[in-house]
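Chain by chain, the residues run as shown.
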Amino acid sequence: MNNTNLDSKSNFSSIAKFMHWGFVLLFIYGLLKQIDELNQLENKALLKFEVIFATVFVLLLLIRFIYMKTTQKSSLPDSTPKSQILAARVVHYGMYVCLTLIPLTGLLIGLLFWLGFEDGFLINTVVEVHEFSVSVIYWLIGLHILAAIFHRLKNDGVWSSMVPFLKEKSYEK
C-alpha cells in the first residue's frame, strides 16, 4: 500500500495526548459514578460532588478546546478528501458540544432539583436534553473509534499521531 508522507504533519504534543486520554478516563469515571434517579440529589454531599465534578469537567474541556485550537494541527494527510475532513470536524465538534451539554444540563438538573422543581415540564425537558446528549456522544465516540481504526488500517500516520500503542511501522517515533 502506498502511504501518504506526513512531512508537513506532526504528532500531537504530549500535552494534547495527555488531555485526550485523560478525558477518556474522566468520561468513563463520569459514567461509572453517574446517578440513577433524580431523588439521589436529595443527598447534599452527592449534589455538591456532582456540581464540583461537572464544573471542573467543563473548565478542563474548555482549556482542552482552546489548547487544541491554538497549538495543534490536524494530522490528516494533505491528500485527505474534503468529505473526510468535514466528517472529522463534525464528529470532533459534535463531541465537544455533547461533552459540554452533558455536564451543563446535569448542573441545570441539580439546580432545578435544589430549587424544588423535582418534577414537571421544565426539569423533564432538561433531563431529556441531558439523556439525548449522552446518547449522541456514544454514537460520536463510536464513529471516532471507527475512524481511528480506518486510519490505522490505512497506515497514514493519523493513528500514530495520537494513539500510544500499536504504532504504524512507518510512523514510529
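Further up the page is the structure itself.
So, here's what we can say about the structure. All residue numbers here refer to positions counted from 1 along the written sequence of the relevant chain. In keeping with the model being predicted, local features are shown solely for residues with a pLDDT of at least 70 and side-chain atom pairs are shown and tallied solely at 80 or more, while totals for entire chains, interfaces and linings include all residues. To obtain the side-chain values, all non-hydrogen atoms of the structure were included, while hydrogens and water were left out.

What to know about the overall build of the protein
Helix and strand labels come from DSSP, where a helix needs a run of H or I of at least four residues and a strand needs a run of E of at least two; each type is numbered from the N terminus. Helix and strand content of the protein: five helices and zero strands. From first element to last, N terminus to C terminus, the protein shows the α and β order α-α-α-α-α. Over its C-alpha atoms, taken along the principal directions, the protein stretches across nearly 60 × 30 × 25 Å. The contact rule is simple, with two residues in contact once any of their heavy atoms fall within 4.5 Å. For the protein, the proportion of contacts with a sequence separation of at least 24, taken over those separated by at least 6, is 73%.

Here's the deal with the environment of Glu42
Checked against the element boundaries, Glu42 lands in the loop between α1 (14-32) and α2 (44-71). C-alpha of Glu42 to C-alpha of Arg89: the two residues are 47 residues apart in sequence and 40 Å apart in space. Contact partners of Glu42, with chain neighbours within four places excluded, come to Phe113 and Glu118.

Details of the packing of helix α3 (residues 82-114) against helix α4 (residues 121-154)
Lines are fitted to the C-alpha atoms to define the axes, a helix being fitted only along its stretch in contact, and any angle between axes, read from their N-to-C directions, falls within 0 to 180 degrees. Relative orientation of the contacting elements α3 and α4 amounts to 150°, with a least axis distance of 8 Å. Looking at the two axes, α3 sits roughly antiparallel to α4. The way α3 lies across α4 gives a crossing that is left-handed. Of the residues that constitute the contact of α3 with α4, the class distribution is 22 nonpolar, nine polar and no charged. Working definition: roughly parallel below 35 degrees, roughly antiparallel above 145 degrees, roughly perpendicular at 65 to 115 degrees, and oblique for all remaining angles. In this scheme the crossing of two helices becomes right-handed for a clockwise turn of the near helix relative to the far one and left-handed for an anticlockwise turn of less than a right angle. Amino acid classes used here: Ala, Val, Leu, Ile, Met, Phe, Trp, Tyr, Cys and Pro are nonpolar; Asp, Glu, Lys and Arg are charged; the rest, including Gly, are polar.

What to know about the nonpolar core
Core analysis: the largest hydrophobic core is formed by 20 residues, its most contacted members being Met68, Leu99 and Ile137. Among the elements of the structure, α1, α2, α3 and α4 are those that each provide at least two residues to this core. Setting aside chain neighbours within four positions, we find Leu99 in contact with Phe27, Phe57, Leu61 and Ile137. Side-chain atoms within 4.5 Å are what join buried Ala, Val, Leu, Ile, Met, Phe, Trp, Tyr and Cys residues into a set we call a nonpolar core. Here the term buried applies to any residue with accessible area under 20% of the maximum for its type, exposed to any over 50%, and partly exposed to those in between, with areas from a 1.4 Å probe on protein chains only. Counting residues in each nonpolar core, the second largest holds eight residues, with Leu41, Leu112, Ile123 and Val126 among its members.

With respect to the pattern of salt bridges
By definition, a salt bridge exists where a carboxyl oxygen of Asp or Glu is found within 4 Å of a side-chain nitrogen of Lys or Arg. Throughout the structure, instances matching the rule amount to one salt bridge. Two residues, Lys33 and Glu50, come together in a salt bridge whose shortest N-O distance is 2.7 Å. Of this pair, Lys33 sits in the loop between α1 and α2 while Glu50 sits in helix α2, placing them 17 residues apart in sequence. Accessibility expressed as a relative area gives 17% for Lys33, which makes it buried.

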